Amino acid sequence: MDTIKVTRALVSVSDKTGIEELAGALLRHGIEVLSTGGTAKLLSAAGLKVVQVGQYTGFPEILDGRVKTLHPRVHGGILARRDDSSHQEQLRQHGIAPIDLVVVNLYPFERVVRDGCTREEAIENIDIGGPTMVRAAAKNHRHVVVVVDPQDYPSIIEELRKNSGAIQVDTSARLARKAFLLTARYDGAIADYLGRMEALEETPFGPTLHFCFTKSQSLRYGENPHQRAAFYRAAEIEEPSVATARQIHGKELSFNNIMDANAALELVKEFRETAAVAIKHTNPCGAAISDVSLADAFKKARACDPVSIFGGIVGLNRPMDRATAEAMEDLFLEVVIAPSFEPAALELYRSNKRLKNVRLLSLDLPPGQDLFTLCAARRDAGMDIRGVVGGVLIQDRDLATCSASQCEVVTERKPTPMEMAALDFAWRVCKHVKSNAIVFAAPDHVVGVGAGQMSRVDAARLAVMRAVNNKLETKGTAVASDAFFPFRDGIDVIAEAGATAVAQPGGSVRDREVIDAANEHGIAMIFTRERHFRHA
């Protein structure tokens, strides 16, 4: 077995999570531990014997810690090739000891900038010695192991135990790739920040924008069989997402499964109430809330469009229980994504051969953790990235969702409390429908959806047609439109269907004409002053 024998390690970390356990394991294997500054103090206070880097180099830390490890005795020990006799002779001539393991993570530049700081604070959080050691060790990974992530400590400890103080070369190569990923992301974040400062832009949209994603899985193909595809995930994800979800059952995920599961999750995040949504081709074909049970919410969502849900994706904002699993047992679904799956629900899927291919994605939320509350606290960041040939478009994620009760009533009649509840529900769903979008809804479930039409009046007609086809009542419903009505014809279609209230952004040059049409039909209308176009 091709391994790297570790005799000496250098440990210098900003994030000290788990470092005592790792250093203790190194010392138990007789490995000398060199360390710096705060890391050395922490390990010494824990009773672990470490050698200060300044003591090893014969040169103290200077410039308030800006220079600690930038010394030939450090970098010579890291960069020397063990299979090069000339390198080994030079080490002997200069009294340099080989360093076989480098455990380093960097000043938290990205976090400091994200949380808000002065330019001076940002500059002081640009790590110099850390990235230099990381790059040096990663370059020489055939002979030196580099560890930059505390999550790798347990596997390193175990491998040292199994190999009597050695690390496999294959492990070192994998960790080197991870190290270069870190430095690439780190330098990119610094370049982007300085670019924004030079341009005097206090936004994410500076002259450069660096992305750093790691491959989560290869996919059999893309949207179509002739397209190659893979799924990559961002380096730091705090919000529950498809990228962080764990597949616990079913066939391998496809490109389209991931797209649809993302659409389902983003819609179900809108609801504080117990909710279930159904997605087909990234559009909602069913959505409902319930104050009774999750199973009740799903049954109502299914009834919104019992035909289109076939082969669809279901999103839940509560742990899936046995009753909800039984409510969808007879239905062919591609994916179900939920905060978690209770054992009895999971057992149903594992014991029923008809359900063996349904992909179950668990967000692995702790018991009692509410998806809406969790996401509301963490949905203040992140970018929406759209690809075009030769480039990308970047925008803020569309996280705005106004409450119907806070909107401007522009008609003679005000919405009743029941209509207001239905408008609020319809507006939250409409935000996730492809433009042009029209949604008919009751206070607790979708009645009809018109998605992706070239004209708003056609979207209204389609929503009515779908409701009629599914034997759902449009009379007395509320309607949400993702953008303004350019003419009164859309209002006429809605009124003919029996809807009694409308939510729309307003802002058309013909707003007066549209309001007059609503008054003529006795419809209550609110202006949200918030548009939710969804083009892709």
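Look up a bit, the structure's there.
The structure reproduced in this document is the subject of the present report. Being a predicted model, the structure only gives us computed values, none of them experimental.

## As for the packing of aromatic side chains
- Summed over all chains, the structure comprises five aromatic pairs.
- On the numbers, 5.2 Å between centres and 55 degrees between planes, the contact of Phe-310 with Phe-332 is tilted. Pair noted here: Phe-310 is in the loop between helix H12 (294-304) and strand E13 (312-316) and Phe-332 is in the loop between helix H13 (322-327) and strand E14 (333-338), with a separation of 22 residues, a long-range link.
- Among the aromatic residues, those joined into a ring-pair cluster are Phe-109, Tyr-186 and Tyr-193.
- Against the face of Tyr-56 rests Arg-73, its NZ or CZ located 4.2 Å from the ring centre.

## A closer look at the sheet that holds strand E2 (residues 8-13)
- Ordered in space as E4-E3-E2-E5-E6, the five strands form an open sheet in which the pairing is parallel. Whereas interior strands pair on both sides, the edge strands pair on one side only; in this sheet they are strand E4 (51-52) and strand E6 (145-147).
- With five bridges joining them, E2 and strand E5 (residues 101-105) adopt parallel strand pairing. Of the residues in E5, the one forming a bridge with Leu-10 is Val-102.

## With respect to the pattern of salt bridges
- In the structure shown here, the tally under the stated rule is 34 salt bridges.
- Glu-239 is the salt-bridge partner of Lys-269, the closest N and O atoms lying 2.6 Å from each other. Taken together, the residues Lys-269 in the loop between helix H11 (255-268) and strand E11 (274-280) and Glu-239 in the loop between strand E9 (229-234) and strand E10 (246-249) connect sequence positions 30 residues apart.
- For Lys-269, a relative accessible area of 2% translates into the label buried.
- Among the residues examined, Glu-239 registers a relative accessible area of 9% and is labelled buried.
- Close ionic contact of Arg-529 with Glu-408 constitutes a salt bridge, the shortest N to O distance being 3.1 Å. A residue pair is termed long-range when its members are at least 10 positions apart, and Arg-529 in the segment after strand E23 (524-527) and Glu-408 in strand E18 (residues 408-409) qualify at 121 residues.
- On the basis of relative accessible area, Glu-408 is assigned to the partly exposed category, the value being 39%.

Analysis parameters
- Numbers given for residues are sequential positions, taken from 1 along each chain in its written order.
- With pLDDT at 70 or above as the cut-off, local features in this predicted model cover only qualifying residues; side-chain atom pairs require 80 or more to be listed or tallied, and sums for whole chains, interfaces and linings still use all residues.
- For the side-chain quantities, the full set of heavy atoms in the structure was used; hydrogens and water were omitted.
- Between the rings of Phe, Tyr and Trp (Trp by its six-membered ring), a pair exists once the centres lie within 6.5 Å; its type follows the angle of the planes, with under 30 degrees stacked, over 60 edge-to-face, and the other angles tilted.
- The helix count covers DSSP runs of H or I at least four residues long, the strand count covers runs of E at least two residues long, and both are numbered beginning at the N terminus.
- By definition, being over a ring means that NZ of Lys or CZ of Arg is both within 6 Å of the ring centre and within 35 degrees of the ring normal.
- In short, DSSP must find at least two bridges between two strands for them to pair.
- One speaks of a salt bridge when a side-chain nitrogen belonging to Lys or Arg is within 4 Å of a carboxyl oxygen belonging to Asp or Glu.
- A 1.4 Å probe rolled over the protein chains alone gives each residue an accessible area, and that area as a share of the maximum for its type sets the label: buried under 20%, exposed over 50%, partly exposed in between.

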